[in-house]
Amino acid sequence: MTTSAELFERACRHIPGGVNSPVRAFKGMSQPPVFIERAQGAYLFDVEGKRYIDYVGSWGPMITGHADPEVLNAVRERLDSGLSFGTPTAIETTMADLICEILPSIDMVRMVNSGTEATMSAIRLARGYTGRDKIVKFEGNYHGHSDSLLVKAGSGALTHGEPSSPGVPASLAEHTITLSYNDIEAVHECFEAMGEQIACIIVEPVAGNMNCIPPQPGFLEALREVCDSHGSVLIFDEVMTGFRVALGGAQAHYGITPDLTCLGKIVGGGMPVGAFGGKRDIMEQISPLGPVYQAGTLSGNPLAMAAGITLLEKVRQPGFHEALSTRVETLCDGLETRARDAGIEMITQRAGGMFGLFFTAQQRVDNFGQTMACDAQAFRDFFSHMLESGVYLAPSAFEAGFMSSAHTHDHIQTTLMASERAFAAMRQ
Ligand code: PLP
């Protein structure tokens, strides 16, 4: 049997850091990454035959569990017709219609191949539409790895201690204004000073890349208000929150309508898909209708559309998100109780089907500074104990956790029992 450690060593020879996305490397954790061979429902199975209850879900898409038979069948059914044609296909229209139906703020939508492409294209569109260069983002929000957005970013960029990456030209980064998440005052000051130069605000309406930080009451409302009064475009990056926090995403959950929305993860059912869409007059600026260029050889790929449509049809079943939130509540309440009983300072934060664990004495975590002040060593210890017990959490204190409908009461109770052992061991 080949072990994960052996595979990792081999991977490091020809793949930088042995991984194709940095957070997978378990950097900052006390062990090398686990290599996964297959997954089913709530479980991951590693190459050594060990089974884990998974709370990462491929970083979000697997909201009905891994290897969902209906999603796999949808892909299988289309497989023999060919992988890609580079022409229009009817299934792309089906997907566009479905997205516009589920998200009423979207009049028109363009499919792309990743969340990064979605946010990058939405930013270009906002700049093209307004004729302005400056953009506003929030510290610790991650919007993929395009140059303009890799300034004070979250996710892997945080785990690796490089919120701003070398290789991003200073002349470009200077157009990105970074404010503190949930700081309404800072938003007002910024727009008073230079509102007429700002093309857009891009925001994670629930921050999920510096752990899980919901917006404070009034924060998203304030963003809507300043964009309206200064002619700037409000972009909700719902790559993570879309179809997860609620069927209609965070915009439905909090009742705020953005001008543009970025989607990814669930919309592709586990295939490489992203999308951006919004108000008709803005979207009509995109080529070939308008002058703002955007394209993709594999965009709207038929197999990917089949997977995504099937998953979206599943999550729009009545009661799906209520049941998902209940599972999150049970897990998070259970973890908090067990931590408290063991004398460990830990809180949880939740939004629909996503959650975060913070090792801190604070009552709430609202921004990047507060998330950075949490106890990283405690998280590392907890992560290791849970992994040992067969529970796979995100290998970073800065990532949100994801629940799926495949997680049963038993999975959650098993997880809570594992946490009891972990907290007890951490006390020693
Ligand atoms: N936006 C958000 C909120 C994300 O969480 C991510 C990825 O985690 C992205 C954008 C980038 O998406 P992708 O990794 O598909 O490029």
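Use the structure listed above.
Remember, it's a predicted structure, so these values are computed and weren't measured experimentally.

### Examining the site of the ligand
Logical step 1: Inspection of the region around the ligand gives 17 residues, with Ser114, Gly115, Thr116, Gly144 and Val239 positioned closest.
Logical step 2: With 3 residues, the single largest contributor to the shell around the ligand is helix H4 (residues 115-130).
Logical step 3: Among the residues forming the shell around the ligand, the class breakdown is 4 nonpolar, 11 polar and 2 charged.

### Description of the pairing of strand E12 (residues 354-358)
Both faces of the sheet carry side chains from a regular strand, because those side chains alternate between them.
Logical step 1: Most of E12 is tucked away: 5 of the 5 residues are buried.
Logical step 2: Going residue by residue along E12, you find Met354, Gly356 and Phe358 tucked away on one face and Phe355 and Leu357 tucked away on the opposite face as well.
Logical step 3: Inspection of the sheet shows strand E11 (residues 347-351) paired to E12 by 5 bridges, in the antiparallel sense. Its bridge partner being in E12, Thr348 is matched across the sheet by Leu357.
Logical step 4: Hairpin connection of E11 to E12: 2 residues between the antiparallel strands, including Gly352 at a positive phi of 55 degrees.
Logical step 5: Relative to strand E14 (residues 401-402), E12 is paired through 2 bridges, and the arrangement is antiparallel. Bridging from a neighbouring strand, Phe355 pairs with Gly401 of E14.

### A short note on the packing of helix H14 (residues 376-388) against helix H15 (residues 409-427)
Angle between the axes and distance between the axes are the two parameters that describe a pair of packed helices.
Logical step 1: At their nearest, the axes of H14 and H15 sit 9 Å apart, and the two run at 135 degrees to each other. In terms of their interaxial angle, H14 and H15 are classed as oblique. With respect to the hand of their crossing, H14 and H15 are arranged in right-handed fashion. Between H14 and H15, the residues in contact are Ala378, Asp381, Phe382, His385 and Met386 and Ala418, Ser419, Arg421, Ala422, Ala425 and Met426, respectively.

### Some thoughts on the nonpolar core
Logical step 1: Ranked by internal contacts, the top residues of the largest apolar core, which has 120 residues, are Ala126, Cys200, Leu223, Val233, Ile235 and Ala275.
Logical step 2: The two domains that each donate at least three residues to this core are domain 1 (4-67 + 318-427) and domain 2 (69-315).
Logical step 3: Excluding its chain neighbours within four sequence positions, the residues that come into contact with Leu223 are Val187, Ile201, Val203 and Leu234.

What counts, and where the lines are drawn
Residues numbered from 1 in each chain as written. Predicted model: local features only at pLDDT ≥ 70, side-chain atom pairs only at ≥ 80, totals over all residues. Near = placed C-beta within 6 Å. Helix = DSSP H or I, 4+ residues; strand = E, 2+ residues; numbered from the N terminus. Nonpolar A, V, L, I, M, F, W, Y, C, P; charged D, E, K, R; others polar. Buried ≥ 20, exposed ≤ 12 C-beta atoms within 10 Å, placed from the backbone. Pairing = 2+ DSSP bridges. Axes fitted to C-alpha atoms, helices over the stretch in contact; angles between N-to-C directions. Parallel < 35°, antiparallel > 145°, perpendicular 65-115°, else oblique. Left-handed = near helix turned anticlockwise from the far one by under 90°. Contact = placed C-beta atoms within 7 Å. Core = buried A, V, L, I, M, F, W, Y, C linked by C-beta atoms within 7 Å. Domains from an automatic or database assignment.

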